[in-house]
Amino acid sequence: MTIQKFFPYINNKMFAEDVALSDIAEKVGTPFYCYSNTAISHNFQDYKQAFANQDTLICYAVKANGNQAVLSTLAKLGSGADVVSEGEIRRARAAGIEANKIVYSGVAKIESEIEYALNEGIFQFNVESEPELELISQVASRLNKTAAIAFRINPDVCANTHAKISTGKSENKFGVPISKARIAYKQAASLPNLKVQGVDVHIGSQLTQLAPFEEAYKRIAQLVAELRSDGHDISVVDIGGGLGITYSDENIPSKQAYAAIAQTQLGHLGCKIIVEPGRSLLGNAGVLVSSVVFVKTGEERQFLMLDAGMNDLIRPSMYDAHHEILAVDISAAPNQTKTYDVVGPVCETGDTFSKNRQVHQSKSGDLIAIMSCGAYGAVMASTYNTRMLAPEVMVKDDEFAVVRARLSYEEVINTDSVPSWV
Ligand code: LLP
């Protein structure tokens, strides 16, 4: 299995590092998310090496997976954090990520969040609009603090990715249009309690080509030159996240090649580079393990009905995303596959992981691994249909630990309350 090398088959049984997934299933029940600590570290070190010859801060995009065990792992390796809410600042800080390594990229930051971020002393606000800039200046003035800012620039570049995760075209809601950037920076320089220090860009997620990054960085380099000639002291360029991963057969450029693009387009500026990877650190460091509840024979199709559903992993329903679906134990008949529609138990037709997929022939009770689920899996889960959130497990070598437990039905139901007048 090449996509996720830390989830190998050993004697025809899938492992996470040195732990059999079946052993974890026995302990915690299914469905559950399982992350490889070594894979996360390995991916982070890859980034570090790729950017070693540039003054770079890697700010992991917390939205991809905000589990404390994940964040602590990355904090210990020196990672900063790209956050989009007060909640994510709190998560990052709780896991030991230093405030001065946090960049705050929320799309519509509210006053209390700005205040929280200023009090923590974060490294930079990535400002999304002129009204947001004014609010940051007001809050900073009230607190007698200085907010270091960069504008997120919308460079009007097509990322060639799924429409729902493409962010750098002029019709998208993100950032300040590059055509208006100089005016926006002029305004920033005129407002109190702001320190204009950087330029930020993020054009989308799951990019499989380098050309869109190259085009965006070229436009940003040009802008930095213009801003400097306007008298702004630009010392930071945040190049966003977005390098894709292999879900099936995508050929993803290496992190070295990605870093080389940044170096070529931006290196001459002498700026600190911030990079905000999420998916490429976590995506292939995790799987979702589920059990087959029933194999159902419909009129036209065979359905593999799992105990994981769209509430656990929404990517296939939301983005038509492909995830490999593999039997955990293929020892009985290693090469015997069948065509199934792989579905969950939620009461919607959209609760389908894959149609017409060749999967190892399976029966009720068998374990199934949905691959490449470490990013945008658990974080996007919900309790829809009053199904409990899947627990999360982390493995390192031959050890594993539950890093988020399954809540009881009582705990979940008791978060509601009934007013006396009902
Ligand atoms: N920086 C900013 C400002 C972002 O908005 C994002 C992702 C990242 C960094 C990290 O991008 P990455 O390296 O992970 O591609 N839920 C979707 C993905 C949404 C991405 C949103 N922004 C999915 O499951 O495909």
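Residues numbered from 1 in each chain as written. Predicted model: local features only at pLDDT ≥ 70, side-chain atom pairs only at ≥ 80, totals over all residues. Heavy atoms only, no water.

**Digging into the overall build of the chain**
Now for step 1: Tallying secondary structure elements over the chain gives 12 helices and 21 strands in all.
Now for step 2: On C-alpha atoms alone, the chain measures out to a radius of gyration of 23 Å, which is about the 22 Å that the 2.2 N^0.38 rule sets for 422 residues.
Now for step 3: Projected onto its principal axes, the C-alpha positions of the chain cover 70 × 60 × 40 Å.
Now for step 4: Across the 422 residues that make up the chain, the buried fraction comes to 55%.
Now for step 5: Within the chain, contacts between residues separated by at least 24 positions form 70% of all contacts whose residues are at least 6 apart in sequence. (Helix = DSSP H or I, 4+ residues; strand = E, 2+ residues; numbered from the N terminus. Rg over C-alpha atoms; globule rule 2.2 N^0.38 Å. Buried < 20%, exposed > 50% of the residue type's maximum accessible area, 1.4 Å probe, protein only. Contact = heavy atoms within 4.5 Å.)

**Considerations on the domain arrangement of the chain**
How big an interface is tends to be reported as the loss of accessible area on association of its parts.
Now for step 1: Along its sequence, the chain is organised into domain 1 (9–36 + 283–413) and domain 2 (105–277).
Now for step 2: Distance from the C-alpha centre of domain 1 to the C-alpha centre of domain 2: 36 Å.
Now for step 3: Surface buried jointly by domain 1 and domain 2 totals about 770 Å² across both partners, of which 53% is contributed by carbon and sulfur atoms.
Now for step 4: Seen at the junction of domain 1 and domain 2, the total is 0 salt bridges.
Now for step 5: Applying the counting rule to domain 1 against domain 2 returns 3 residue pairs in polar contact (both at pLDDT 80 or more). (Domains from an automatic or database assignment. Buried area = accessible area lost by both parts, 1.4 Å probe. Salt bridge = Lys/Arg side-chain N within 4 Å of Asp/Glu carboxyl O. Polar contact = N/O pair within 3.5 Å; in protein donor to acceptor, adjacent residues only side chain to side chain.)

**Remarks on the environment of Phe-6**
Now for step 1: Examined against the element boundaries, Phe-6 turns out to sit in the segment before β1 (9–10).
Now for step 2: Residue classification places Phe-6 among the buried positions, given a relative accessible area of 17%.
Now for step 3: With 154 residues separating them along the chain, Phe-6 and Asn-160 place their C-alpha atoms 29 Å apart.
Now for step 4: With residues up to four places along the chain from it excluded, the contact list for Phe-6 reads Phe-15, Ala-16, Glu-17, Ser-36, Thr-38, Ala-39 and His-42.

**What to know about the site of the ligand**
Now for step 1: In the vicinity of the ligand, 18 residues are found, and the nearest of them are Ser-205, Glu-276, Arg-279, Arg-315 and Tyr-376.
Now for step 2: Between the ligand and Gly-242, the relevant distance is 2.9 Å, taken from an oxygen atom to a main-chain nitrogen or oxygen of the residue.
Now for step 3: Tyr-376 is positioned with one of its side-chain polar atoms (N or O) 2.6 Å from an oxygen atom of the ligand.
Now for step 4: In the complex, the protein chains occlude 92% of the 590 Å² of accessible area that the ligand would expose alone.
Now for step 5: In terms of residue class, the shell around the ligand is made up of 6 nonpolar, 6 polar and 6 charged. (Near = heavy atom within 4 Å. Areas by Shrake-Rupley, 256 points an atom, 1.4 Å probe, with all protein chains shown as cover. Nonpolar A, V, L, I, M, F, W, Y, C, P; charged D, E, K, R; others polar.)

**Some points on the packing of aromatic side chains**
Working definition: an aromatic ring pair is given by the centre-to-centre distance plus the angle between the planes.
Now for step 1: Within this structure, the stated rule accounts for 8 aromatic pairs.
Now for step 2: Taking 6.4 Å as the distance between ring centres and 85° as the angle between the ring planes, the aromatic pair formed by Tyr-47 and Tyr-258 counts as edge-to-face. In this pair, Tyr-47 is assigned in helix α2 (residues 37–50) and Tyr-258 in helix α9 (residues 255–266), connecting sequence segments 211 residues apart.
Now for step 3: You can call Tyr-47 buried: its relative accessible area is 1%.
Now for step 4: Ring pairing ties together the aromatic residues Tyr-47, Phe-51, Phe-213, Tyr-217 and Tyr-258, which thus form one cluster. (Phe/Tyr/Trp six-rings, centres within 6.5 Å; stacked < 30°, edge-to-face > 60°.)

**Concerning helix α6 (residues 130–143)**
For an α-helix the count is 3.6 residues per turn, leaving residues at separations of three or four pointing the same way.
Now for step 1: The terminal C-alpha atoms of α6 lie 20 Å apart, and with 14 residues this matches the ideal 20 Å at 1.5 Å per residue to within 8%.
Now for step 2: Within α6 the residues assigned to the buried category are Glu-130, Glu-132, Leu-133, Leu-135, Ile-136, Ser-137, Val-139 and Ala-140.
Now for step 3: Tucked into the core, α6 has its buried residues touching α5 (111–120), β8 (124–127), β9 (147–154), β10 (176–177), α7 (181–190) and β11 (194–200).
Now for step 4: Backbone nitrogen of Glu-132 and a side-chain oxygen of the N-cap are separated by 3.2 Å at the start of α6; the cap is Ser-129.
Now for step 5: Positive backbone phi, at 60°, marks Asn-144, one or two positions downstream of α6. (Expected span 1.5 Å × (residues − 1).)

**A word on the environment of Val-403**
Now for step 1: Looking at the element boundaries, Val-403 is found in strand β21 (residues 399–404).
Now for step 2: Residues Val-403 and Val-70 lie 333 residues apart in sequence; the distance between their C-alpha atoms is 9.0 Å.
Now for step 3: Dropping the residues within four chain positions of it, Val-403 is found in contact with Asn-67, Ala-69, Glu-392, Val-393 and Met-394.

**With respect to the nonpolar core**
Now for step 1: The biggest cluster of nonpolar side chains holds 122 residues, and the ones touching the most others in it are Phe-51, Phe-125, Ile-149, Phe-151, Tyr-217, Ile-239 and Tyr-258.
Now for step 2: Broken down by element, this core gets its largest block of residues, 8 residues, from helix α8 (residues 211–229).
Now for step 3: Lining this core are residues from two domains, each supplying at least three of them: domain 1 (9–36 + 283–413) and domain 2 (105–277).
Now for step 4: Those residues in contact with Ile-239 that lie beyond four places of it in its chain are Phe-51, Val-201, Tyr-217, Tyr-258, Ala-262, Leu-266, Ile-273, Ile-274 and Val-275.
Now for step 5: Counting 6 residues, the second largest nonpolar core, distinct from the first, contains Leu-57, Val-103, Phe-123 and Ile-274. (Core = buried A, V, L, I, M, F, W, Y, C linked by side-chain atoms within 4.5 Å.)

**Observations concerning the pattern of salt bridges**
Now for step 1: Under the defined criterion, the tally for this structure stands at 18 salt bridges.
Now for step 2: Taking the shortest distance from any N to any O, the salt bridge between Arg-90 and Glu-86 comes out at 2.9 Å. Taken as a pair, Arg-90 and Glu-86 lie in helix α4 (residues 86–94) at a separation of 4 residues, close to a single helical turn.
Now for step 3: On the basis of relative accessibility, which here comes to 44%, the residue Arg-90 falls in the partly exposed class.

**Looking at the pairing of β11**
Now for step 1: The buried fraction of β11 amounts to 6 of the 7 residues, a majority that puts the element mostly inside the structure.
Now for step 2: In terms of strand pairing, β9 meets β11 through 6 bridges, oriented parallel. When the bridges of β11 are listed, Ala-150 appears paired with Gly-198.
Now for step 3: Two strands pair when backbone bridges link them, and β11 and strand β12 (residues 236–238) are joined in this way by 3 bridges, in the parallel orientation. Counterpart to Asp-200 in the pairing with β12 is Asp-238.
Now for step 4: Regarding the hand of the β-α-β motif, the stretch spanning β11, α8 and β12 is right-handed. (Pairing = 2+ DSSP bridges. Right-handed = clockwise from strand over helix to strand, strands pointing away.)

**Regarding the packing of α7 against α8**
Now for step 1: Running from N to C, α7 and α8 cross one another at 40°; their axes reach a closest spacing of 10 Å. Accordingly, the angle class assigned to the pair α7 and α8 is oblique. Here α7 and α8 pass one another in a crossing that is right-handed. Between α7 and α8, the residues in contact are Ala-181, Arg-182 and Tyr-185 and Leu-223, Glu-226, Leu-227 and Ser-229, respectively.
Now for step 2: Looking at side-chain class alone, the contact of α7 with α8 contains 4 nonpolar, 1 polar and 2 charged residues. (Axes fitted to C-alpha atoms, helices over the stretch in contact; angles between N-to-C directions. Parallel < 35°, antiparallel > 145°, perpendicular 65-115°, else oblique. Left-handed = near helix turned anticlockwise from the far one by under 90°.)

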